[in-house]
Amino acid sequence: MTEQELIQTAQAMLDRAYAPYSRYPVGAALLCADGTVFTGCNVENASSPCGICAERTAVAKAVSEGHTDFVRLAVISRADGPCTPCGMCRQVLYEFAPELELLCCGGDGSVLKTGLRELLPHGFGPDSL
Ligand code: THU
């Protein structure tokens, strides 16, 4: 799957987002080494700490299906400017894929290409224990 296709897959998830509180829908698409793609959206809750981000939705779907070999993640919102993963999502992604490539996208067509090591320098991971 091309980078553009991964972004389009994430974009399609915006309609699945459940974000009545923030009104900030987010979609994600997580590419695995074997080409499998897992999608996610944010799922909010009346009790705000119970909400989950799009990226962690995708990670949970992937891991629960036996996939942890993540290569690239596309994440997108409808707002202007690139949507970058929150700190909690960066940590969760780092657990499985410190070398993960990221395509952080916005509704205005902006795309920030970066890497998880840039977003989470000196991260704490399995090798730290
Ligand atoms: N959110 C994500 O799903 N991913 C991000 O990268 C940034 C934030 C969600 C969490 C919450 O549902 C809403 O966006 C506003 O913070």
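The rules behind the values
Residues numbered from 1 in each chain as written. Predicted model: local features only at pLDDT ≥ 70, side-chain atom pairs only at ≥ 80, totals over all residues. Heavy atoms only, no water. Helix = DSSP H or I, 4+ residues; strand = E, 2+ residues; numbered from the N terminus. Buried < 20%, exposed > 50% of the residue type's maximum accessible area, 1.4 Å probe, protein only. Contact = heavy atoms within 4.5 Å. Near = heavy atom within 4 Å. Polar contact = N/O pair within 3.5 Å; in protein donor to acceptor, adjacent residues only side chain to side chain. Areas by Shrake-Rupley, 256 points an atom, 1.4 Å probe, with all protein chains shown as cover. 1 Å grid on protein atoms, 1.4 Å probe; cavity = no way out; pocket = protein on both sides within 12 Å on 5 of 7 lines; lining within 4 Å. Sits in = over half its atoms within 2 Å of the grid points. Points joined across faces, edges and corners; volume = space filled by probe spheres on them. Nonpolar A, V, L, I, M, F, W, Y, C, P; charged D, E, K, R; others polar. Core = buried A, V, L, I, M, F, W, Y, C linked by side-chain atoms within 4.5 Å. Arc of directions from axis to C-beta. Phe/Tyr/Trp six-rings, centres within 6.5 Å; stacked < 30°, edge-to-face > 60°. Pairing = 2+ DSSP bridges. Axes fitted to C-alpha atoms, helices over the stretch in contact; angles between N-to-C directions.

Participant: Kindly report on the environment of Cys86, identifying the contributing residues and their values.
Facilitator: Structurally, the position occupied by Cys86 is in the loop between strand E3 (70-77) and helix H3 (87-96). Judged by its relative accessible area of 30%, Cys86 is partly exposed. Between the alpha carbons of Cys86 and Leu129 there is a distance of 23 Å; along the sequence they are 43 residues apart. Discounting chain neighbours no more than four positions away, the residues touching Cys86 are Cys53, Glu55 and Arg56.

Participant: I'd like a rundown of the site of the ligand, residues and numbers included.
Facilitator: Around the ligand, the structure places Ser22, Tyr24, Val26, Asn42, Glu44, Cys53, Ala54, Glu55, Cys83, Thr84, Pro85 and Cys86. Glu44 places a polar side-chain atom, nitrogen or oxygen, 2.5 Å from an oxygen atom of the ligand. The protein chains hide 76% of the 370 Å² of surface that the ligand would expose on its own. Judged by the fraction of its atoms near the pocket grid, the ligand is located in the largest pocket.

Participant: Tell me about the layout of surface pockets, residues and numbers included.
Facilitator: Approximately 250 Å³ is the volume found for the largest pocket. Along the walls of the largest pocket sit 20 residues, with Val26, Asn42, Glu44, Ile52 and Cys53 positioned nearest its centre. The element that contributes the greatest number of residues to the lining of the largest pocket is helix H2 (residues 54-64), accounting for three residues. Each residue belonging to the lining of the largest pocket can be placed in one class, and the counts come to 11 nonpolar, six polar and three charged.

Participant: Any chance you could break down the nonpolar core for me, citing the residues and the numbers?
Facilitator: Counting residues in hydrophobic clusters, the biggest one holds 22 residues, and the most contacted among them are Leu30, Phe70, Leu73, Leu93, Leu100, Leu102 and Leu116. Going through the elements one at a time, strand E1 (26-32), H2, E3, H3, strand E4 (101-105) and helix H4 (116-119) are the ones with two or more residues in this core. Those residues in contact with Leu116 that lie beyond four places of it in its chain are Arg90, Leu93, Tyr94, Ala97, Pro98, Leu100 and Leu102. If you look at the next biggest cluster of nonpolar residues, it comprises 10 residues, including Leu6, Ile7, Ala74 and Ile76.

Participant: Summarise H3; cite the residues concerned and give the values.
Facilitator: Those residues of H3 that fall on the buried side of the exposure criterion are Cys89, Arg90, Leu93 and Tyr94. Projected down its long axis, H3 carries its buried residues within an arc of 140°, all on one side. Contacts from the buried residues of H3 go to H2, E3 and H4.

Participant: Give a description of the packing of aromatic side chains that names residues and reports values.
Facilitator: In total, this model carries one aromatic pair according to the counting rule given. On the numbers, 5.7 Å between centres and 65° between planes, the contact of Phe70 with Phe96 is edge-to-face. Residue Phe70 is located in strand E3, and its partner Phe96 is located in helix H3; the two are separated by 26 residues in the primary sequence. By relative accessible area, Phe96 is classed as partly exposed at 32%.

Participant: Break down the sheet that holds E4 for me, with residues and values.
Facilitator: Spatially, five strands are ordered E2-E1-E3-E4-E5 in an open sheet, and the strand pairing comes out mixed. Where the open sheet ends on each side, the last strands, each with one partner, are strand E2 (37-41) and strand E5 (111-115). For this sheet the average axis-to-axis angle between neighbouring strands, irrespective of direction, equals 15°. Direction of pairing for E1 relative to E2: antiparallel, over a ladder of five bridges. Paired with Leu31 across the two strands is Val37, which belongs to E2.

The quantities given are spatial measurements derived from coordinates; they are silent on function.
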